[in-house]
Amino acid sequence: QVQLVESGGGLVQAGGSLRLSCAASERTFKNYAMGWFRQAPGKEREFVARISWVGSITGYADSVKGRFTISRDNAKNTVYLQMNSLKPEDTAVYYCAASRSNIMLVQHYWGQGTQVTVSS
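In this text, all values refer to a predicted model and were calculated from it rather than measured experimentally.

Below, the discussion takes up the side chain of S52. Counting through the fold element by element, S52 comes out in the loop between strand 5 (46-51) and strand 6 (58-60). A distance of 3.5 Å separates a polar side-chain atom of S52 from the backbone nitrogen of S56. For S52, the side chain forms a polar contact with the main-chain nitrogen of I57, separated by 2.9 Å. Non-local contacts of S52, meaning those with residues more than four positions away in its chain, are made with A33, I57, R72 and N102.

Here you go:
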């Protein structure tokens, strides 16, 4: 009953772009901050971007600032991650998350993930 469903991952060459989408139910979207995390092989899961429910205030990891943009469409219960100027080091499984904390100090719900592969 509580679901976050990611889509939009795929294979892209370095310098290319992808847009990830995360579709949520209203109960998992309204009043929640939303965010994206990623996990590369052999590495810990890391924060990528977040956006608050109140005011759509955004935050980004230093590694993606200026390249990635997070946004949300509250009418569609969907959050997006626009990824530009992709680098091979961006290769990872990307996970959507929902949090009752504005800055996502903790994550309450997770999607299944979508693979992003950036080739040289």
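Counting residues in each nonpolar core, the largest one holds 28 residues, and the members touching the most others are M34, W36, L81, M83 and Y94. Among the secondary structure elements, those contributing two or more residues to this core are strand 3 (18-24), strand 4 (33-39), strand 5, strand 7 (68-73), strand 8 (78-83), strand 9 (92-99) and strand 11 (114-119). The residues touching Y94, leaving out its near neighbours within four places in the chain, are E6, L20, W36, F37, R38, V48, F68, L81, M83, G113, T114 and V116.

Per the stated rule, a full pass over the model turns up 1 disulfide. In this model C22 forms its disulfide with C96; the gap between the sulfur atoms is 2.1 Å. As the torsion about the S-S bond is roughly -85 degrees, the C22-C96 disulfide counts as left-handed. Of this pair, C22 sits in strand 3 while C96 sits in strand 9, and the two are 74 residues apart along the sequence. Of the two residues, C22 and C96, neither departs from the other in class, the shared state being buried.

What follows covers the pairing of strand 1 (residues 4-7). Burial of strand 1 is one-sided: the residues L4 and E6 facing one way are buried, the residues V5 and S7 facing the other way are not. The pairing of strand 1 with strand 3 spans 4 bridges and is classified as antiparallel. What sits directly across from V5, in strand 3, is A23.

Reading guide: rules and limits
Residues numbered from 1 in each chain as written. Predicted model: local features only at pLDDT ≥ 70, side-chain atom pairs only at ≥ 80, totals over all residues. Heavy atoms only, no water. Helix = DSSP H or I, 4+ residues; strand = E, 2+ residues; numbered from the N terminus. Polar contact = N/O pair within 3.5 Å; in protein donor to acceptor, adjacent residues only side chain to side chain. Contact = heavy atoms within 4.5 Å. Core = buried A, V, L, I, M, F, W, Y, C linked by side-chain atoms within 4.5 Å. Buried < 20%, exposed > 50% of the residue type's maximum accessible area, 1.4 Å probe, protein only. Disulfide = S-S within 2.5 Å. Pairing = 2+ DSSP bridges.

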